[in-house]
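Results of the structural survey
One letter stands for each residue in the lines below.
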Number of protein chains: 2
Amino acid sequence: MTDNLTLELRRGAIVLAVLSQLEKEQYGYSLIKLLADRGMEIDQGTIYPLLRRLEANGLLLSEWRVEGPRPRRYYRASPAGKATLEALGNEWKRLVEVMEGLMS
Amino acid sequence: MTDNLTLELRRGAIVLAVLSQLEKEQYGYSLIKLLADRGMEIDQGTIYPLLRRLEANGLLLSEWRVEGPRPRRYYRASPAGKATLEALGNEWKRLVEVMEGLMS
């Protein structure tokens, strides 16, 4: 049960974590590595569907580019994505404050 | 989309918020009020199923008691619930730190 609850706890923050790193463009693997280096481990099976979902909702822009041995799809936040990042970031700060009050 | 994402953001924290307030027993309405007073608005349609789910998983204990005009079901954290509260609380603190790093 605790494992599930821990996953639930992180799930909501994952969108915010992803958006926060896409003001500069990244491809899937570089994004996973960037997040992991900063303490947020998210596996491929979560990241790729999430990137597609955020793009389908207009929050990300993407393009294929060939630079290495094979094409990579690069993602970056759209203007709507940047606005969502700001709105969610504010919600997050509010939530952190509320939780601090509840847990103290 | 932003509304859904905001809901997702809060969803994971709700279990932790609820557990944090059940070291002393509460009935549904008193819990909703307590949380709302501290800035966490959770509606009945969320709280009641969550209380039943947490009890089914052994994290809460409950008993019916008649004190007012009708019986009320009082909930409190079980020993397993208190252990989960501590574990999730630690996960939360870690998540808050990671997100702070990502968003700065």
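Just so it is clear, the model here is predicted, and its values are computed rather than measured. (Residues numbered from 1 in each chain as written. Chains lettered and ligands numbered in written order. Predicted model: local features only at pLDDT ≥ 70, side-chain atom pairs only at ≥ 80, totals over all residues. Heavy atoms only, no water.)

Let's talk about the interface of chain B and chain A
How big an interface is tends to be reported as the loss of accessible area on association of its parts. Our working rule: Any two residues whose heavy atoms approach within 4.5 Å at even a single point are treated as in contact. We define buried area as the total accessible area lost by two parts upon association, computed with a 1.4 Å probe and summed across both. The term salt bridge refers to a side-chain nitrogen of Lys or Arg lying within 4 Å of a carboxyl oxygen of Asp or Glu. Here a polar contact is recorded for every N or O atom pair within 3.5 Å, except that within protein the pair must consist of a potential hydrogen donor and a potential acceptor, and residues adjacent in sequence are included only if both atoms are side-chain atoms. Numbering of helices and strands runs from the N terminus; a helix is a DSSP stretch of H or I covering at least four residues, while a strand is a stretch of E covering at least two. Polarity classes work like this: nonpolar for Ala, Val, Leu, Ile, Met, Phe, Trp, Tyr, Cys and Pro, charged for Asp, Glu, Lys and Arg, and polar for all others, with Gly in that last group.
Each side of the interface is counted separately: chain B has 36 residues, and chain A has 36 residues. For the pairing of chain B and chain A, the buried interface totals around 3,500 Å² over both sides, and the portion due to carbon and sulfur atoms is 74%. Our count for the contact surface shared by chain B and chain A stands at two salt bridges. Across the salt bridge formed by Glu8 of chain A and Arg53 of chain B, the nearest N and O atoms sit 2.7 Å from each other. Run the count over chain B and chain A and you get six residue pairs in polar contact (both at pLDDT 80 or more). Those elements that place two or more of their residues in the side of chain B that touches chain A are helix H1 (2-20), helix H3 (44-56) and helix H4 (79-103) of chain B. Of the residues that constitute the side of chain B that touches chain A, the class distribution is 20 nonpolar, nine polar and seven charged.

Some details on the packing of helix H1 (residues 2-20) of chain A against H1 of chain B
In plain terms, the rule: For helices, the fitted line uses only the C-alpha atoms of the stretch in contact; every axis is such a line through C-alpha atoms, and the angle between N-to-C directions lies from 0 to 180 degrees. Angles below 35 degrees are treated as roughly parallel, those above 145 as roughly antiparallel, those between 65 and 115 as roughly perpendicular, and all remaining angles as oblique. Left-handed describes a crossing in which the near helix is turned anticlockwise from the far one by less than a right angle; the clockwise case is right-handed.
Closest axis-to-axis distance for the H1 of chain A/H1 of chain B pair is 8 Å, and the angle between their directions is 155 degrees. Viewed along their axes, H1 of chain A and H1 of chain B adopt a mutual orientation that is roughly antiparallel. Regarding H1 of chain A and H1 of chain B, the two cross each other, and that crossing is left-handed. Listed contacts from H1 of chain B to Leu5, Glu8, Leu9, Arg11, Gly12, Ala13, Val15 and Leu16 of chain A of H1 of chain A are Leu5, Glu8, Leu9, Arg11, Gly12, Ala13, Val15 and Leu16 of chain B.

Looking at the sheet that holds strand S1 (residues 26-27) of chain A
Residues and elements named next belong to chain A. As a reminder of what qualifies: Strand pairing is defined by DSSP finding a minimum of two bridges between the two strands.
In spatial order, the strands read S1-S3-S2; together these three strands make up an open sheet with antiparallel pairing. Because the sheet does not close on itself, it has two edges, and the strands there are S1 and strand S2 (60-66). Where S2 and strand S3 (residues 71-77) come together, seven bridges link them in antiparallel fashion. Across the sheet, residue Glu63 finds its bridge partner in S3, namely Tyr74.

Some remarks on the sheet that holds strand S3 (residues 71-77) of chain B
All names here are of chain B. Pairing is antiparallel in the open sheet, where three strands are placed in the order S1-S3-S2. Every other strand in the sheet has two partners, leaving strand S1 (26-27) and strand S2 (60-66) as the edge strands with one partner each. In terms of strand pairing, S1 meets S3 through two bridges, oriented antiparallel. Paired with Tyr27 across the two strands is Tyr74, which belongs to S3.

A look at the relation of the copies chain B and chain A
Stated precisely, the cut-off is as follows: The copies were overlaid with a least-squares fit restricted to C-alpha atoms from residues scoring a pLDDT of at least 70 in each copy.
Between chain B and chain A, the superposition needs a rotation of 180 degrees and an axial shift of 0.0 Å, giving an RMSD of 0.0 Å. The superposition of one copy onto the other is thereby described by a two-fold rotation axis. Closest to the rotation axis within chain B is the C-alpha of Gly12 of chain B, separated from it by 3.2 Å. Looking at the interface residues of chain B, 100% of them are also at the interface in chain A, so both copies use one shared face.

A closer look at the pattern of salt bridges
Residue and element names in this part refer to chain A. Put simply, the rule is: A simple rule labels every residue: compare its accessible area, found with a 1.4 Å probe on the protein chains alone, to the largest value its type can have, and call it buried under 20%, exposed over 50%, or partly exposed in between.
If you walk through the whole model with that rule in mind, you get twelve salt bridges over all chains. For the salt bridge of Glu25 with Arg65, the shortest nitrogen-to-oxygen distance reads 2.8 Å. One end of the pair, Glu25, is in the loop between H1 and S1; the other, Arg65, is in strand S2, with 40 residues separating them in the sequence. For Glu25, a relative accessible area of 29% gives the class partly exposed. Each member of the salt-bridge network shares a partner with another, and the members are Glu25, Glu63, Arg65 and Glu67.

Here's the deal with H4 of chain B
For an α-helix, 3.6 residues make a turn, and residues three or four places apart therefore share a direction. Rules: Multiply 1.5 Å by the residue count of a helix minus one, and that product is the helix's expected span.
Taking 1.5 Å of rise per residue, the 25 residues of H4 of chain B would be expected to cover 36 Å, and the 36 Å separating its terminal C-alpha atoms lies within 8% of that figure. Of all the residues in H4 of chain B, the buried ones are Gly81, Thr84, Leu85, Leu88, Gly89, Trp92, Leu95, Val96, Val98, Met99 and Leu102 of chain B.

Some thoughts on the packing of H1 of chain A against helix H4 (residues 79-103) of chain A
All names here are of chain A. At a minimum axis distance of 10 Å, the contact between H1 and H4 shows a crossing angle of 130 degrees. Taken as axis vectors, H1 and H4 run oblique relative to one another. The crossing of H1 and H4 is left-handed. Where H1 abuts H4, its residues Ala13, Val15, Leu16, Leu19 and Ser20 lie against Gly81, Thr84, Leu85, Leu88, Gly89 and Trp92.

Everything listed here is a matter of geometry and, on its own, says nothing about what the molecule does.
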